[in-house]
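What follows is the residue order along each chain.
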Amino acid sequence: MLRTFGVVLTAVTLAAVAGVTAAGAANTQAAPLGTPRLMTTVSPTATPTVACPPALPISGRVTGVTATTVTISYTLQFSGPPCGYDLPMTVLLFASYEDAATWQNPVAEAVTGLERNGQVTLDGLTPDTEYWFRFSDVEARRDPYVIGGPVRTEPVSGCGATATIDARWGSGFVATVTVRNTGSESLDGWLVRWRWSGDERIQSVWGGVSDGTGADVTIRNASYNGTVAPGGSTTFGLLASAGTAPSGITATCAG
């Protein structure tokens with residue numbers, strides 16, 4: 001009887017141990033195949049975006065006109081991309097706004113110097129004709145903003161101007177400019193222009209009215225000498241200051 005009881009107790013004990021082992025195995029069972037696992041993803045570093053100032057990279061304006069030339073002064077605000085352009089700049093001239101807007105059929109072009117503030121003159125133009133201008137840089141990057149104009153070249157007139165320096169001294173000089181009517185019709189007003197080559201500056205004018213400032217000189221007729229008959233002439237004089245007086249003055253005239 002004792003032997004039978006021991007066998008029964010042993011069997012119960014083994015069964016209990018087996019149950020505990022099976023339960024533990026069930027709790028530690030591996031995840032079935034195909035279960036997704038969490039992956040760590042490294043995001044690429046974003047390239048910073050350059051914020052350009054709210055200003056045009058380049059600006060230009062017409063500062064001189066003759067019958068066959070247009071002079072354009074420019075200012076480059078930012079040098080180099082992404083906000084600006086590389087010098088030298090190319091100035092292109094177009095005969096219509098439509099051609100300028102589409103960059104087609106430029107009639108003239110000129111290359112600037114390496115100065116961020118400078119000017120360039122385009123020549124070989126048709127008198128009494130309207131033009132528009134645009135900019136591109138040395139890498140052919142086209143400026144999308146500026147379409148300058150229209151600017152009209154002066155008509156051909158029978159007006160000529162010659163200048164004579166009458167006296168010089170250490171800080172200045174006096175000159176006389178003669179305006180002649182070389183055409184067949186009377187001049188009803190005249191305009192004389194030139195550009196100083198150095199530091200010359202006009203101090204006073206008689207026989208004319210000064211409209212220009214700085215290096216660009218513009219003299220209009222006075223109220224009493226604007227009418228000049230064919231073959232006739234009139235004069236005006238000027239007093240100018242200068243570190244060194246120029247050897248001469250090359251003037252153009254429009255009537």
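Anything mentioned here points back to the structure above.
All values reported here derive from a predicted model rather than from experimental measurement.

A. Focus on the overall build of the protein chain. Scanning the protein chain for helices and strands turns up two helices and 17 strands. Counting contacts in the protein chain only where the partners sit at least 6 residues apart, residues at least 24 apart contribute 65% of the total. Element-wise, carbon and sulfur atoms account for 56% of the exposed surface of the protein chain, whose accessible area totals about 15400 Å².

B. Examining the side chain of Ser136 more closely. Here Ser136 is to be found in strand 6 (residues 130–136). The exposure class assigned to Ser136 is buried, which follows from its relative accessible area of 10%. In contact with Ser136, other than residues within four places in its own chain, are Met89, Thr90, Leu92, Trp103, Arg141, Arg142 and Asp143.

C. Representation of the pairing of strand 1 (residues 58–65). Inspection of the sheet shows strand 1 paired to strand 2 (residues 70–76) by seven bridges, in the antiparallel sense. By the bridge assignment for strand 2, Ser59 is matched with Thr75. Taking the residues between adjacent antiparallel strands as the criterion, strand 1 and strand 2 are bridged by four residues.

D. The sheet that holds strand 16 (residues 233–241), seen in detail. Pairing is antiparallel in the open sheet, where four strands are placed in the order 8-9-16-12. Every interior strand has two partners, whereas the edge strands, strand 8 (159–169) and strand 12 (201–206), have only one. Along the sheet, successive strands turn relative to each other by an average axial angle of 25 degrees, direction set aside. As paired strands, strand 9 (residues 172–181) and strand 16 are joined by nine bridges and run antiparallel to one another. Residue pairing in the sheet places Phe173 in a bridge with Ala240 of strand 16.

E. Up close: the environment of Trp206. On the secondary structure map, Trp206 appears in strand 12. In sequence terms Trp206 and Thr176 are 30 residues apart; their C-alpha atoms lie 9.6 Å from each other. Setting aside anything within four residues of it in sequence, one finds Trp206 in contact with Val174, Phe236, Gly237, Leu238 and Leu239.

F. Molecular detail of the sheet that holds strand 3 (residues 90–94). One open sheet holds the four strands; their spatial order is 4-3-6-7, and the pairing between them is antiparallel. One side of each edge strand has no neighbouring strand; the edge strands of this open sheet are strand 4 (108–111) and strand 7 (148–152). Averaged over all adjacent pairs, the angle separating strand axes in this sheet is 25 degrees, with direction ignored. Bridging between strand 6 and strand 7 involves three bridges; their strand directions are antiparallel. Counted as the bridge partner of Tyr131 is Val151 from strand 7.

G. Broad picture of unusual backbone geometry. Of note, the bond from Leu87 into Pro88 is cis; its omega dihedral lies within 30 degrees of zero at 0 degrees. Among the secondary structure elements, Pro88 is positioned in the loop between strand 2 and strand 3. Of note, the bond from Gly149 into Pro150 is cis; its omega dihedral lies within 30 degrees of zero at 0 degrees. Within the secondary structure, Pro150 sits in strand 7. Unlike most non-glycine residues, Trp103 shows phi in positive territory, near 60 degrees. Structurally, Trp103 is set in the loop between helix 2 (97–102) and strand 4. Although it is not a glycine, Asn105 sits at a positive phi angle of roughly 55 degrees.

What counts, and at which threshold
- Residues numbered from 1 in each chain as written.
- Predicted model: local features only at pLDDT ≥ 70, side-chain atom pairs only at ≥ 80, totals over all residues.
- Heavy atoms only, no water.
- Helix = DSSP H or I, 4+ residues; strand = E, 2+ residues; numbered from the N terminus.
- Contact = heavy atoms within 4.5 Å.
- Areas by Shrake-Rupley, 256 points an atom, 1.4 Å probe, with all protein chains shown as cover.
- Buried < 20%, exposed > 50% of the residue type's maximum accessible area, 1.4 Å probe, protein only.
- Pairing = 2+ DSSP bridges.
- Axes fitted to C-alpha atoms, helices over the stretch in contact; angles between N-to-C directions.

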